[in-house]
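What follows is each chain in one-letter form.
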Amino acid sequence: MRNALFATSAVLLAFAPAATAQTTVEGRVDRLEKEMRAVQRKVFPGGQPLEAEISRPATPTVAPGSPASTPIADLTARVGALESQLASVTGQVEENSFKLRQLEEAFNRYKTETDARLAPPAVDPAAAPAATAPFTPPAGSAALPAATRPAATKPAPAPAKPVATPVASEERKTAVAAIERPSTGNAADDAYSYGFRLWDAKFYPEAQAQLKATVEKYGDSPIASKAQNLLGRAYLDDGKPALASVAFYENYQKRPRGDRAPDSLAYLGEALIQLKKPSDACKVYQELDQVYGATLSASLKGMMAKGRATAKCS
């Protein structure tokens, strides 16, 4: 009887470490699944997170007398590797979020400074010219008769405008009217195409008005990414890099998956270079490479390389 009791105790003690290790591994797998869901919620804040492809392994049936340490050790090693990979992914997500916040803060500061520079100066009421006082005869002198009293001073009449100005305006109106408005039945595409034709003909103010109206009216349409990007280019070609940078940044911020989001980042870097902000341009090029580097076209890669060289990015 005593020998049978000892044998039973030995068997139970042999299986105890395996059961404890199995429970520990299952707990780590559950924790991994929860952390992966948390990472997915951070990476896909506006969409449906993907389900983790990690399922709890079936509990193996251990035959009496067979060693159980080798499978548990393999599973523990695999779970350890998964934990290491998850920690790496979490670190990358946090680093990218931090860099994006830095970019947004830097641009908000730049936008505030630009708005302050572009604001019209306040008019000092004290500096306004005083109205011409009526004529008053000096003390002790006789009043002048009404016929000889000097009249109030009147400003000299403004010179007549040259006739060439309205002629030039009429010529421009005629040239703009000659740009054909497309009519394909797709209102959003037609509005963008007309703005593109105005920009291509170098009628930049008219193109800006057309493209801005297109973005306001069809902001939820896929065409909005193209229209907002072209609006920024129209500002840039018109010598207005400050307005161009705002248009490019808003297009990237509001439509990061749009057709022209990479283009807007590339041209934003160029606008910042024109505004004498090379350090901010380097941050934009770094963001462009990190977010869209694998899918950039050859022309955008060349534009980014040229911009980095101009801004002397490290």
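Residues numbered from 1 in each chain as written. Predicted model: local features only at pLDDT ≥ 70, side-chain atom pairs only at ≥ 80, totals over all residues. Heavy atoms only, no water.

## Considering the confidence of the model for the protein
Point 1. With 66% of its residues at a pLDDT of 70 or more, the protein has an overall mean of 76.
Point 2. For the stretch residues 127-152, pLDDT sits under 50, and the model shows five contacts to residues farther than four places along the chain or on other chains.
Point 3. The low-confidence segment residues 162-166 (pLDDT under 50) makes zero contacts with residues lying over four places distant or belonging to another chain. (pLDDT = per-residue confidence, 0-100. Contact = heavy atoms within 4.5 Å.)

## Details of the packing of aromatic side chains
Point 1. Per the counting criterion, the structure on display carries five aromatic pairs.
Point 2. Between F107 and Y249, the ring centres sit 4.0 Å apart and the planes meet at 25 degrees, which makes this aromatic pair stacked. Taken as a pair, F107 in helix 2 (residues 69-118) and Y249 in helix 7 (residues 241-254) lie far apart in primary sequence, 142 residues in all.
Point 3. With a relative accessible area of 6%, F107 lands in the buried category.
Point 4. For Y249, a relative accessible area of 6% gives the class buried.
Point 5. Here F196 and W199 contribute two aromatic rings whose centre-to-centre distance is 5.5 Å and whose plane-to-plane angle is 50 degrees, an arrangement assigned as tilted. (Phe/Tyr/Trp six-rings, centres within 6.5 Å; stacked < 30°, edge-to-face > 60°. Helix = DSSP H or I, 4+ residues; strand = E, 2+ residues; numbered from the N terminus. Buried < 20%, exposed > 50% of the residue type's maximum accessible area, 1.4 Å probe, protein only.)

## Points about the nonpolar core
Point 1. L198, L265, L268, L288 and Y292 are the most contacted members of the largest nonpolar core, which totals 49 residues.
Point 2. Going through the elements one at a time, helix 2, helix 4 (187-200), helix 5 (204-217), helix 6 (223-237), helix 7, helix 8 (261-274), helix 9 (278-292) and helix 10 (298-311) are the ones with two or more residues in this core.
Point 3. With near-sequence residues (within four places) excluded, L265 lies in contact with Y252, V284, E287, L288 and Y292.
Point 4. Core analysis: the next-biggest nonpolar cluster, separate from the first, contains six residues, V29, V39, V79 and V93 among them. (Core = buried A, V, L, I, M, F, W, Y, C linked by side-chain atoms within 4.5 Å.)

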